[in-house]
Amino acid sequence: MLNNEYYMANNHGPYEYFDLGDFTLESGQTLDSAKLAYAIYGELNADRSNAILFTIMFSGTSKNMAHYIGPGKALDPEKYCIILPNQLGNGLSTSPHNIDGDQAMENFPAISIGDDVIAQHRLLTEKFNINELQLVTGWSMGAQQTLEWAIRYPNMVKRAAPIAGTAQCTPHNALYVDVFSEALKSDPEFNQGAYTKAHSCELGLKRLAHVFALMGVSAELYKQQQWQRLGFESKQAFLEQFWEAWFKPMDPNALLVMARKWQTGDSSAHANNDLVSALQSITAKTFIIGFEKDMFVPPADLLYEQQYIHNSELKLLPSLMGHFAMLGLFEEDFEAIDGLFSELLAS
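Remember, it's a predicted structure, so these values are computed and weren't measured experimentally.

**Regarding the pattern of salt bridges**
At step 1: Following the criterion strictly, the structure yields 12 salt bridges and no others.
At step 2: With a shortest N-O distance of 3.0 Å, Glu-332 and Arg-229 are connected by a salt bridge. Remark: Arg-229 occurs in the loop between α7 (219–223) and α8 (235–247) and Glu-332 occurs in helix α12 (residues 331–345); sequence separation between them is 103 residues.
At step 3: Linked through salt bridges whose partners overlap, the residues forming this network are Lys-285, Glu-313, Lys-315 and Glu-343.

Written out as structure tokens, the structure reads:
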């Protein structure tokens, strides 16, 4: 076990744990003594019908999406009970660095998007006795989980808002995951995942951060020097103080566990590997939300899947922040996303 202070509750709390026990994975392996970390805002009403599930992206935790929750916002904890489950392997839930034994570090078993959703379903049904969700939403890998939810548990999901993500990882995205994973593993101290210090792979994490800096926001943002709106004095400051600072404290094995999930995400398995049939099985009122200048998940990828989802609409936002518009760092991005949540919940 490595003691990485980045993942402590004072940085990412408040959150709680749900004990999954020895958790059987889709691969057939078992994740021993698994725990799912989750945050919760608001209270369930008497008939437990006011729950919203907000799933989490690559490299993120429940803390990173909590700014969308609050009085007067669409996700109002005075009206809804909003639950944010962290991914298995994300650093807060059971992860390579925070366990001992023969599954620790480089020996951590492969986890799937489906595994996350099954664990989340157990949390909602066993812990909270929830059988209806007013909304399931999530960004990027959270969108993969959202679509998996809508396909796997259609009777529970009334509304879905996958944001900048697809039900089936595209070939371009799979290549992107390969590129940033290899950048991370290129650090000599990575040692095939058997590093012995919490912060021993600084070079690899820096290289990974640079790949995200290249693709995470639009080319126009750099051309127009819009990093200045975020408080950075130069492109180099933006690179170091935003991108590198984001990834530097993280655990490399945790990132790679999530990366593999991203790359292998494919909800078509629920329809004999027929993606169209899987998407057509969704019954939730659905907003497919994307960003016009997203280089991870461009609008054409979203449109391809949206056309097969009944009772769905494609909602595109024009932010120069590209894929990372979901962070809401530009006020207009936050307001637009909050507005779409409000519109969907009112439908």
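**A closer look at the sheet that holds strand β6 (residues 159–163)**
Across a sheet, paired strands are connected by hydrogen bonds in the backbone, their directions being either parallel or antiparallel.
At step 1: Taken in spatial order, the eight strands of this open sheet run β1-β2-β4-β3-β5-β6-β7-β8, and their pairing is mixed. Of all the strands in the sheet, the pair left with one neighbour each is β1 (16–24) and β8 (312–317). Across the sheet, the axes of successive neighbouring strands diverge by a mean angle of 20 degrees, strand direction being ignored.
At step 2: Across the sheet, helix α11 (residues 299–306) touches β7 (285–291) and β8, and the angle it forms with β8 is around 170 degrees.

**Some thoughts on α11**
At step 1: Within the sequence span of α11, burial applies to Leu-302, Glu-305 and Gln-306. Down the axis of α11, the buried set is contained in an arc of 100 degrees. They therefore lie on one face.
At step 2: Among the structural elements, α4 (141–152), α10 (275–280), β7 and β8 are those in contact with the buried residues of α11.

**Remarks on the packing of aromatic side chains**
At step 1: Here the structure, examined in full by the defined rule, presents 33 aromatic pairs.
At step 2: Where Phe-212 meets Phe-296, the ring centres are 5.7 Å apart and the plane angle is 80 degrees; that geometry is what we call edge-to-face. Of this pair, Phe-212 sits in helix α6 (residues 202–215) while Phe-296 sits in the loop between β7 and α11, and the two are 84 residues apart along the sequence.
At step 3: Overall, Phe-296 belongs to the buried group, its relative accessible area being 2%.
At step 4: Measuring from centroid to centroid gives 6.0 Å for Tyr-222 and Phe-238, while their planes differ by 50 degrees, and the two rings are tilted. With a gap of 16 residues between them, Tyr-222 in helix α7 and Phe-238 in helix α8 connect regions that are remote in the sequence.

**Thoughts on unusual backbone geometry**
At step 1: In this model, Gly-13 is joined to Pro-14 through a cis peptide bond whose omega is -5 degrees.
At step 2: Take Pro-14: it is sitting in the loop between α1 (9–12) and β1.
At step 3: Residues other than glycine seldom take positive phi values, yet Asn-129 does so here, at roughly 55 degrees.
At step 4: By the secondary structure assignment, Asn-129 is in the loop between α3 (113–127) and β5 (133–139).
At step 5: Phi angles above zero are rare outside glycine, and Gln-225 is one such case at about 55 degrees.
At step 6: Tracing the backbone through its elements, the reader meets Gln-225 in the loop between α7 and α8.
At step 7: For Gln-225, a relative accessible area of 38% gives the class partly exposed.

**Quick notes on the environment of Leu-255**
At step 1: Residue placement: Leu-255 occurs in helix α9 (residues 252–264).
At step 2: Judged by its relative accessible area of 1%, Leu-255 is buried.
At step 3: When the C-alpha atoms of Leu-255 and Pro-96 are compared, they prove to be 9.8 Å apart, with 159 residues separating the residues in sequence.
At step 4: Non-local contacts of Leu-255, meaning those with residues more than four positions away in its chain, are made with Phe-58, Ser-59, Leu-184, Leu-205, Leu-208, Phe-247 and Met-250.

**A few points about the side chain of Lys-261**
At step 1: Tracing the backbone through its elements, the reader meets Lys-261 in helix α9.
At step 2: Residue Lys-261 is classed as buried on the basis of its relative accessible area of 0%.
At step 3: Look past the residues within four positions of Lys-261 in its chain and what remains in contact with it is Gln-87, Leu-88, Ile-111, Ser-112, Ile-113, Asp-116, Met-141 and Gln-144.

**A short note on the pairing of β7**
At step 1: For β7, the tally of buried residues reaches seven of seven residues, placing the bulk of the element in the interior.
At step 2: By the alternation rule, side chains of β7 split into Lys-285, Phe-287, Ile-289 and Phe-291 and Thr-286, Ile-288 and Gly-290, which are all buried.
At step 3: In this sheet, β7 lies alongside β6 in parallel orientation, the contact comprising three bridges. Its bridge partner lying in β7, Arg-159 is registered against Lys-285.
At step 4: In this sheet, β8 lies alongside β7 in parallel orientation, the contact comprising six bridges. Following the sheet pairing, Phe-291 is matched in β8 by Leu-317.
At step 5: Once you follow β7 into α11 and on to β8, the crossover reads as right-handed.

**Observations concerning α4**
At step 1: In this model α4 runs 16 Å from its N-terminal to its C-terminal C-alpha over 12 residues, within 8% of the 16 Å that 1.5 Å per residue would give.
At step 2: Counted residue by residue, α4 has 11 buried out of 12 residues, so it is predominantly covered.
At step 3: Of the positions making up α4, those classed as buried are Met-141, Gly-142, Ala-143, Gln-144, Gln-145, Thr-146, Leu-147, Glu-148, Trp-149, Ala-150 and Ile-151.

**Describing the pairing of strand β3 (residues 51–55)**
At step 1: Most of β3 is tucked away: five of the five residues are buried.
At step 2: What you see with β3 is no split at all: Ala-51, Leu-53 and Thr-55 on one side and Ile-52 and Phe-54 on the other are buried throughout.
At step 3: With three bridges connecting them, β3 and strand β4 (residues 81–85) associate as parallel partners. Within β4, the residue paired with Ile-52 across the bridge is Ile-82.
At step 4: With five bridges connecting them, β3 and β5 associate as parallel partners. Within β5, the position partnered with Phe-54 by the bridge is Thr-137.

Cut-offs used in this document
Residues numbered from 1 in each chain as written. Predicted model: local features only at pLDDT ≥ 70, side-chain atom pairs only at ≥ 80, totals over all residues. Heavy atoms only, no water. Salt bridge = Lys/Arg side-chain N within 4 Å of Asp/Glu carboxyl O. Helix = DSSP H or I, 4+ residues; strand = E, 2+ residues; numbered from the N terminus. Pairing = 2+ DSSP bridges. Axes fitted to C-alpha atoms, helices over the stretch in contact; angles between N-to-C directions. Contact = heavy atoms within 4.5 Å. Buried < 20%, exposed > 50% of the residue type's maximum accessible area, 1.4 Å probe, protein only. Arc of directions from axis to C-beta. Phe/Tyr/Trp six-rings, centres within 6.5 Å; stacked < 30°, edge-to-face > 60°. Right-handed = clockwise from strand over helix to strand, strands pointing away. Expected span 1.5 Å × (residues − 1).

Nothing here speaks to function; it is geometry throughout.
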